[in-house]
Amino acid sequence: MRGQTIRTVVIHVIILCLAGGAADAQSIFGLNFIGEHRFRGSARQQALAFSTIALPDSNGALTSNTASLAELSEVTFSLFEVTNLSRIRTEEKSASQNRFQLPSIMIAIPLRDGLVFGLGYRTRFQGWGDFSYERDVAGVSNPLDIYKLRSTLFTAPLSLSWRVTDRIRVAGELQIERGSINDELAVYFPEEEYFGSVLSRRDRSFSGTSWSASVLIAVHPRIRIGAVFDDRVSYTVNQDITYSREEFDSSVSYDFELPPAFGAGVALGITDRWWITSNYWAREAPEPAGFSQLEGSLQDERLIAFGLERRRSAAGGFFSRIPLRFGYYENRWHLEFPAGEGVTARFVTLGTGLQVPGGPGSVDISLELGQIGSIDNNGIDERVMRIGVGLNVSEPWSRRKPGKR
Amino acid sequence: MNGKVVLLLTICIAVVFACCSSEPEGPVTRQFIDSLAYGVKVGDTRVDTFEVSASTISVPYGIGSSSLLRIGEIQGIVFEAILLSIDISAGSAHAGTQVSRAILSFPVRVADTTLSVTCHELLQGFEDDDTISAVPPYDPLAIPDSTGGTARILGLEDQDFSIDTSLVRRWLQGGGERLNLAVIWNEERDPKGFIEMQAREYESEPVVFRVDFADGTADTFPVAGDYSIASFESEGLDCVGGVATRIHFTFSLDDLDERAMIHNSYLVLTVKGEVGLGVTPGDDRILLLPSDFYYYLYTPGSSNPANPLFLGGTEVDNGSFDAALTQVLKLPLRGFTADVTQGGRVNTGLVLQSDLETVRIQRASFHEENNDTISKPYIVVIYSLPADFIGGP
């Protein structure tokens, strides 16, 4: 019964995730730039505004703090998918956009009590832009400049989480970083017979590795502190520029470094069920190597987040048995647009979750409502609603006895 | 809740998510493009024009295997003679028999007037496959008719030419295989007029030579070969089929930006509709041929018209247009311009010819002067410069 229930839930969540298969950029401010990223976690962490760096999770493997995986006693599979609905506005124009993101996946495997190995896939950044502009050219019908921007950067983490003592968990993570950023521009004459399009395209592939360390300490049964340090990512970038005329093609390699980031937070249990969480996360501005158009437009990134969670109760009515989560975060982007005008995102979050019937596991849902940028400061803003669905399922692994199926 | 209902709801939610359409990003991303925040700077798109020199080249081709024979003049194309090769090998059977009457009968189908012509005996034979652009040598003494006269009128009502019987008897007794004749238009007497008749290739009612003998027998001698001799005196930029007149365009593309990525290029010509000829009346009414002028544009193997390689080359374009309509043509140059500017091909110019040069009589002429409404030939190249990608090492 339990296996069938898990299978059913998994099928349903995967169907929902497949709906987001046509991935779009996270934000109009992405600009096909490597610096954009999304914060770690699943729907529970999103519902608490990613303020969960000090919050242990005994249910899921996609957490804000990898040290939390030491809490897991069963093989745990977690999956998280976000759908992003937004309205982009300038002073004169506006457009509705639906932006889907590739899911994040993590599997945690307990090697022994308190020692958990984890591996998975996290989308660090995904960009997707298709737009075109008509250009005035005297003497001929106006051509279209058709832009096609694609980018995907992802992390494949290999982690080891260890419960050092009853109060201290630590984790180390090797992160394999891969991805590509593609910028394509075609000039196309839609109304003219015999007119060929001409193409200019830049492909940049990124590869690198980095490591991460995290710690989660229970100072008191109701006071937790957590911290994460993500080391710099030194990417090797292979860049190919191709044109309709092959003799203009070129290839070059160079390095791009994403500076280290750190985060720290506190989780306070007001009562057994009510917890307040907080997080501060920061990263220095990257050097614009390979992105010189952003010279002078990059700044330190910062996240300040707070959350409030009422945990589920084993007794009581339906609403008593489901968790309630609220949060608020302010994320100052790495980007200034125009130069000197920082881009800030402010979001309120909420969410809840349901236990998977018949066994450990949960389906969490979350909602983010907020705005990125402002017309006054940036000339453009994006009002965003993000819907997240997270799935956690667990299964104890044991050696099968001979003769049993 | 039933599991199937839950699954159905899940799929419905997924479909709703997937179907939520986005509006175009274009308008709202404008400032990111203008500020180069994407790091992509579009290159200019330009329209450049290049002067073209043009000259008309005559090529010694003629049409020998047409379904119609022509004599007279139409749109400047002069058909000065019709050559006939009559098979008289069967004439030896009548050797010694008196000839009572001999008629050379022309199946005239189209004539806007009558023409004054004379018949002459050719001094040499010919074949339909020959390329003949001028009347071969002939006996200057015209063949007399039954009354001794030599002036003849050819028209819809005047299709039969009587031939002096003694001359016919001599031909038949001569034992020759072929009788080669030329019907020559007396252009000075009838400066205008055009007549078309069925040729041997029409396969029905060609020119025939009928002879009645005094013993009451008669014989018809078939035409084994027939040919219309056409000529054309070019007065400008003329492209003519049937008399193989081509136009050679020469130009330099050296001033084109060396970074140009070409969208399109074309040769611009203004048609002189008033002198154009897409179809002769006979082609139109008898053969029901379309009236479009079919052109073939190629880049020759040599830029020197005296070089045999000039007559062939690589196709650039082909198509058709109404040669009788004054209009501006834009003949696409396809990959030619890119090949020349990128060093893949030597610029030997372009040659425009009738694509039915050896099959049809057609004429297209083009203006070679500029004024408010027309222009001499020129080449247009539309291209974009490569985008600049900002960034890199």
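The rules we used
- Residues numbered from 1 in each chain as written.
- Chains lettered and ligands numbered in written order.
- Predicted model: local features only at pLDDT ≥ 70, side-chain atom pairs only at ≥ 80, totals over all residues.
- Helix = DSSP H or I, 4+ residues; strand = E, 2+ residues; numbered from the N terminus.
- Buried ≥ 20, exposed ≤ 12 C-beta atoms within 10 Å, placed from the backbone.
- Contact = placed C-beta atoms within 7 Å.
- Rg over C-alpha atoms; globule rule 2.2 N^0.38 Å.
- Pairing = 2+ DSSP bridges.
- Axes fitted to C-alpha atoms, helices over the stretch in contact; angles between N-to-C directions.
- Core = buried A, V, L, I, M, F, W, Y, C linked by C-beta atoms within 7 Å.
- pLDDT = per-residue confidence, 0-100.
- Arc of directions from axis to C-beta.

A. Up close: the overall build of chain A. The number of helices and strands found in chain A is four helices and 17 strands. The 405 residues of chain A split such that 45% are buried. Restricting to contacts in chain A with at least 6 residues of sequence separation, those with at least 24 account for 62%.

B. Local environment of the overall build of chain B. Along its length, chain B carries five helices and 24 strands. Taking 393 residues into account, the globule formula puts the C-alpha radius of gyration at 21 Å, and chain B, at 32 Å, lies well above it. Referenced to the eigenvectors of the C-alpha coordinate spread, the extents of chain B come out at roughly 115 × 65 × 35 Å. Split into buried and exposed, the 393 residues of chain B put 41% on the buried side. Across chain B, every contact between residues at least 6 apart in sequence was considered, and the portion connecting residues at least 24 apart equals 81%.

C. Representation of the pairing of strand 5 (residues 144–163) of chain A in the model. Residues and elements named next belong to chain A. Of the pairings in the sheet, the one linking strand 4 (residues 115–134) to strand 5 comprises 17 bridges and is antiparallel in character. By the bridge assignment for strand 5, Gly-127 is matched with Ser-151. Sheet analysis places strand 5 next to strand 6 (residues 168–188), joined by 20 bridges and oriented antiparallel. Within strand 6, the residue paired with Leu-144 across the bridge is Tyr-188.

D. Molecular detail of the sheet that holds strand 2 (residues 45–51) of chain B. Residues and elements named next belong to chain B. With antiparallel pairing, four strands are arranged side by side in an open sheet as 2-23-17-20. The open sheet has two edge strands with one neighbour each: strand 2 and strand 20 (328–332). Across the sheet, the mean angle separating the axes of adjacent strands is 25° when strand polarity is ignored. Pairing of strand 17 (residues 261–270) with strand 20 involves five bridges; the strand directions are antiparallel. Each bridged residue has a counterpart across the sheet, and for Tyr-266 the counterpart in strand 20 is Pro-332.

E. The arrangement of the nonpolar core in detail. Residue and element names in this part refer to chain B. Formed by 92 residues in total, the largest nonpolar core has its most connected members in Ile-71, Ala-81, Leu-83, Leu-181, Ala-182, Val-183 and Ile-195. Sort the elements by how many residues they give to this core and strand 5 (residues 77–87) lands first, with seven residues. In this structure, Leu-83 is in contact with Leu-122, Phe-126, Ala-182, Asp-226, Tyr-227 and Ile-229, ignoring residues within four places of it in sequence.

F. Region of interest: the pairing of strand 15 (residues 342–355) of chain A. All names here are of chain A. Two elements, strand 14 (residues 324–336) and strand 15, share 10 bridges in a ladder whose sense is antiparallel. Bridging across to strand 15, Leu-324 finds its partner in Thr-352. The loop that links strand 14 with its antiparallel partner strand 15 comprises five residues; one of these, Gly-340, has a positive phi angle of about 95°. Bridge count between strand 15 and strand 16 (residues 361–372): 11 bridges; the pairing is antiparallel. Paired with Gln-355 across the bridge in strand 16 is Ser-362.

G. Representation of the environment of Ser365(B) in the model. All names here are of chain B. Note that Ser-365 resides in strand 22 (residues 362–366). Note on Ser-365: 27 C-beta atoms within 10 Å, which makes it buried. Sequence separation between Ser-365 and Asp-160 is 205 residues; the distance between their C-alpha atoms is 37 Å. Discounting residues that sit within four places of it in the chain, Ser-365 has contacts with Gly-236, Leu-237, Asp-238, Lys-272, Val-275 and Gly-276.

H. Molecular detail of the environment of Phe80(A). Residues and elements named next belong to chain A. Structurally, Phe-80 is set in strand 1 (residues 75–89). Overall, Phe-80 belongs to the buried group, with 29 C-beta atoms counted inside 10 Å. Spatially, the C-alpha atoms of Phe-80 and Arg-122 are 9.5 Å apart, while their sequence positions differ by 42 residues. With residues near it in sequence (within four places) discarded, Phe-80 still touches Ser-42, Ala-43, Leu-62, Pro-103, Ser-104, Gly-388 and Gly-390.

I. Representation of the confidence of the model for chain B. All names here are of chain B. The pLDDT averaged across chain B works out to 88; a share of 93% of its residues lies at or above 70. The spread of mean pLDDT over the elements of chain B runs between helix 1 (residues 3–19), the lowest at 59, and strand 18 (residues 293–300), the highest at 96. The complex model carries a pTM of 0.81, and its ipTM stands at 0.81.

J. Summary view of unusual backbone geometry. A cis amide bond links Phe337(A) with the next residue in sequence, Pro338(A), at an omega value of -15°. Within the secondary structure layout, Pro338(A) lies in the loop between strand 14 and strand 15. Within the chain, Gln75(B) stands out as a residue other than glycine whose phi angle is a positive 45°. Tracing the backbone shows Gln75(B) in the loop between strand 4 (68–74) and strand 5.

K. Structural context of the confidence of the model for chain A. Of all residues in chain A, 89% have pLDDT values of 70 or greater, and the mean over the chain is 87. Residue range residues 18–25 of chain A is modelled with pLDDT below 50. Its contacts to residues more than four positions away, or to other chains, number 26 contacts.

L. Structural view of helix 3 (residues 165–173) of chain B. All names here are of chain B. Buried within helix 3 are the following residues: Val-168, Arg-169, Trp-171 and Leu-172. An end-on view of helix 3 places all buried positions within 160° of arc, on one side of the element. Seen from the buried face of helix 3, the exposed residues on the opposite side, beyond 90 degrees, are Ser-166 and Arg-170. Packed against the buried residues of helix 3 are strand 6 (99–105), strand 11 (178–185) and strand 13 (208–213).

M. Expanded view of the environment of Leu79(A). Secondary-structure assignment places Leu79(A) in strand 1. With 314 residues separating them along the chain, Leu79(A) and Val393(A) place their C-alpha atoms 9.1 Å apart.

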